[in-house]
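An overview of the molecular structure
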Amino acid sequence: MTGSRRVLQIHNRYRHAGGEDSVVELERELLRSHGHEVEVFERTNPRGAGQTAAALITAAWNPAVVSSLKDLIAFTKPSVAHAHNTWFAISPAALAATHRAGLPTVLTIHNYRLSCINGQLLRNGQPCTICVGTHPWAGVRYRCYRDSALASSSAAWTLALNRLLGTWRQHVDVFLVLTDFMRDTLIATGIPGERIIQLPNFTSDPGPRSNPPSHSNTVLFIGRLSPEKGLEQLVDSWIRSAPKDLRLVVVGDGPLASVVAGQEEHGIEYRGRLSQSEVRALTLGARALAVPSIWYEGQPMVVLEAMSAGLGVVVSDLGGLPETVGAGGIRVPSWADFSFEDLGDVDSLGRAARDRWSDLFTPTRHLQGLLAAYEQAAYWHNRRP
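The paragraphs below set out a description of the structure included in this document. Please read these numbers as outputs of a predicted model, since none were measured by experiment. (Residues numbered from 1 in each chain as written. Predicted model: local features only at pLDDT ≥ 70, side-chain atom pairs only at ≥ 80, totals over all residues. Heavy atoms only, no water.)

**A word on the packing of helix α12 (residues 301–308) against helix α14 (residues 346–360)**
Between α12 and α14, the shortest axis-to-axis distance is 7 Å and the interhelical angle comes to 110°. Considering the angle they form, α12 stands roughly perpendicular to α14. Contacts between α12 and α14 involve Leu304, Met307 and Ser308 on the former and, on the latter, Ala353, Arg354, Arg356 and Trp357. Here the contact of α12 with α14 is composed, by residue class, of 4 nonpolar, 1 polar and 2 charged. (Axes fitted to C-alpha atoms, helices over the stretch in contact; angles between N-to-C directions. Helix = DSSP H or I, 4+ residues; strand = E, 2+ residues; numbered from the N terminus. Parallel < 35°, antiparallel > 145°, perpendicular 65-115°, else oblique. Contact = heavy atoms within 4.5 Å. Nonpolar A, V, L, I, M, F, W, Y, C, P; charged D, E, K, R; others polar.)

**Remarks on the packing of helix α1 (residues 19–33) against helix α15 (residues 363–382)**
Between α1 and α15, whose axes approach to 11 Å, the crossing angle comes to 85°. Taken as axis vectors, α1 and α15 run roughly perpendicular relative to one another. Contacts between α1 and α15 involve Glu27, Leu30 and Leu31 from the former and Pro363, His366, Leu367, Leu370, Leu371 and Tyr374 from the latter.

**Overview of the nonpolar core**
In terms of nonpolar packing, the biggest core is built from 48 residues, with Leu8, Trp168 and Phe175 touching the most fellow members. Those elements that provide at least two residues to this core are β1 (6–13), α2 (49–57), α3 (63–76), β3 (80–85), α4 (93–100), α6 (149–165), β7 (174–177) and α8 (180–189). A total of 5 residues in this core trace back to one element, the largest contributor, which is α3. Sequence-distant contacts of Leu8, that is, excluding residues within four places in its chain, are made with Glu39, Phe41, Leu69, Leu72, Ile73, Pro78, Val80, Ala81, His82, Thr98 and Leu103. Ranked by size, the runner-up nonpolar core spans 26 residues in total, among them Trp238, Val250, Val314 and Phe338. (Core = buried A, V, L, I, M, F, W, Y, C linked by side-chain atoms within 4.5 Å. Buried < 20%, exposed > 50% of the residue type's maximum accessible area, 1.4 Å probe, protein only.)

**Notes on the sheet that holds strand β4 (residues 105–108)**
Through backbone hydrogen bonds, the strands of a sheet pair up, either in parallel or in antiparallel fashion. Across the sheet, 6 strands lie side by side as β2-β1-β3-β4-β7-β8; this open sheet has parallel pairing. Each edge of the open sheet carries a strand with a single partner, namely β2 (37–44) and β8 (196–198). Sheet twist, expressed as the mean angle between neighbouring strand axes with direction ignored, is 20°. Relative to β2, β1 runs parallel, the two being bridged by 8 bridges. Opposite Val7, over in β2, you have Val38 as the bridge partner. Sheet strands touched by α4: β1, β3 and β4. Its angle to β4, the strand with the most contacts, is close to 155°. On top of the sheet, α15 reaches β1, β3, β4, β7 and β8; it is set at about 150° to β7, its chief contact. (Pairing = 2+ DSSP bridges.)

**As for the pattern of salt bridges**
Inspection of the entire model under this criterion finds 11 salt bridges. The partner of Arg13 in a salt bridge is Glu25, and the shortest N-O contact between them spans 2.9 Å. Placement of the pair is Arg13 in strand β1 and Glu25 in helix α1, with a sequence separation of 12 residues. A salt bridge links Arg28 to Glu42; the nearest nitrogen and oxygen atoms lie 3.2 Å apart. Taken together, the positions of Arg28 in helix α1 and Glu42 in strand β2 put the pair 14 residues apart, joining distant regions of the chain. Its relative accessible area of 12% is what places Arg28 among the buried residues. On the accessibility criterion, Glu42 (26% relative accessible area) is partly exposed. A network of salt bridges, in which partner residues are shared, links Arg13, Glu25, Arg28 and Glu42. (Salt bridge = Lys/Arg side-chain N within 4 Å of Asp/Glu carboxyl O.)

**Some thoughts on α1**
Helix length check: α1 (15 residues) gives 21 Å between terminal C-alpha atoms against 21 Å at 1.5 Å per residue, within 8%. Listing the buried residues of α1 in full gives Glu20, Asp21, Val23, Val24, Glu27, Arg28, Leu30 and Leu31. Downstream of α1 by one or two residues, Gly35 has phi in the positive range, about 90°. (Expected span 1.5 Å × (residues − 1).)

Shown next, in the form of structure tokens:
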């Protein structure tokens, strides 16, 4: 497989657009901007209760998707298939369809859905690995998916059936993971390590800073205002430690907006949802970014965007976050014991963050890794009976 590729990109969009959807779109444009063709097979999960229930019935194996993919492959004749998310409107049947059509098939792992029915390894606000390497039925017992026995049963059945059929082991040639932590979790699930390649996310260069981080008094939180993002822990830590001459600026929306609204007396400013250009301007002018997640994050785009802007990142010492930031971040084992007055030399931290982005998370580096993964997928595909 040399020269220009024709890539069949498969992605199941979520009801609410998030970082994973952004990564898929960025990767699509990256390939196209370098002369590669990208054919898109995309579905969006339904919103209504009735439509959702109907879609969950075929979440484990959707024959209509198989038929549609066969037609698309016959018409477009791609050279490689690259899937990102198949839950739940598309289903894992898409992977069997591409592989049986003779396409080397790549699957990017953005979360932990091959091990956990909610994809987060999180239960009752705590990290949970009870289903890793075993079976998914504990997730039904605890209603881990949307706190629904019915929806959890559908998600667990999808995992159990496709493990039994060998869908991932037999029909995916190469798995792309974001971090070593994700690789280890995938291996524990039963995926052969030799077919796993680490390829982190990427982001573009926002340009130079006008001032070093030490000239700013702003600490940023950017993301969905939901429990797994650790916003409550961050606010409690901020109010308890009361850092002098600093302010916490919170950007995003979600169910926990009330936690940060009206907290100006504690130096907390809630900005709501902002445009990408506004977020970029904030990162280029801030002192640090806080990522207090309480779950094993994949690789948040906001972290890479901050590092590209020469901004140090303060992260929970959990999952793949510490390895992502490296020397460009500070690990926090307990937010209850942390104070933002202990950030130290934020300028050195910002330079280390920028250097790490330049080494690992640029578009050029990602494209090289992506094309190499397609070559490796062709190699493994041709070795199969």
